[in-house]
Amino acid sequence: MAKSRSDYFGLGYLVSVILAIIPVTSWICGFVTRFMEGKIVAGLIRLIFGFTIVWIIDLIMMIFSKHILRLLNI
């Protein structure tokens, strides 16, 4: 069976959920992931607002859908 990959740098699901639970690592991994995807505006918004409601939404989405919030695709 193939190993399921998650959003943070292609790490496994369990590792990504653990990183999403910790606010600082979630903030860092969130904006780095968006910058690596080439989404500069989305990365900047995560950099500025990552410690607010975005963290809670990312945590919920990571648990249920295995992906972080993709509000802006710019």
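Just so it is clear, the model here is predicted, and its values are computed rather than measured.

### Considerations on the nonpolar core
Judged by nonpolar contacts, Tyr 8, Val 17, Leu 19, Ala 20, Cys 29, Leu 59, Met 62 and Ile 68 together constitute the single largest core of eight residues. Residue assignment for this core shows that the elements contributing at least two residues are helix H1 (13-21) and helix H4 (53-65). For this core, the element with the highest residue contribution is H1, accounting for three residues. Setting aside anything within four residues of it in sequence, one finds Cys 29 in contact with Tyr 8, Phe 9 and Leu 19.

### Considerations on the pattern of salt bridges
In total, this model carries two salt bridges according to the counting rule given. Salt-bridge contacts for Arg 34 lead to Glu 37; the nearest nitrogen and oxygen are separated by 2.6 Å. With relative accessibility at 1%, the residue Arg 34 sits in the buried group. Judged by its relative accessible area of 31%, Glu 37 is partly exposed. With a closest N to O distance of 2.5 Å, Arg 46 and Asp 58 form a salt bridge. A residue pair is termed long-range when its members are at least 10 positions apart, and Arg 46 in helix H3 (residues 40-49) and Asp 58 in helix H4 qualify at twelve residues. The burial state of Arg 46 is the same as that of Asp 58; both residues are buried.

Reading the values: rules and limits
Residues numbered from 1 in each chain as written. Predicted model: local features only at pLDDT ≥ 70, side-chain atom pairs only at ≥ 80, totals over all residues. Heavy atoms only, no water. Core = buried A, V, L, I, M, F, W, Y, C linked by side-chain atoms within 4.5 Å. Buried < 20%, exposed > 50% of the residue type's maximum accessible area, 1.4 Å probe, protein only. Helix = DSSP H or I, 4+ residues; strand = E, 2+ residues; numbered from the N terminus. Contact = heavy atoms within 4.5 Å. Salt bridge = Lys/Arg side-chain N within 4 Å of Asp/Glu carboxyl O.

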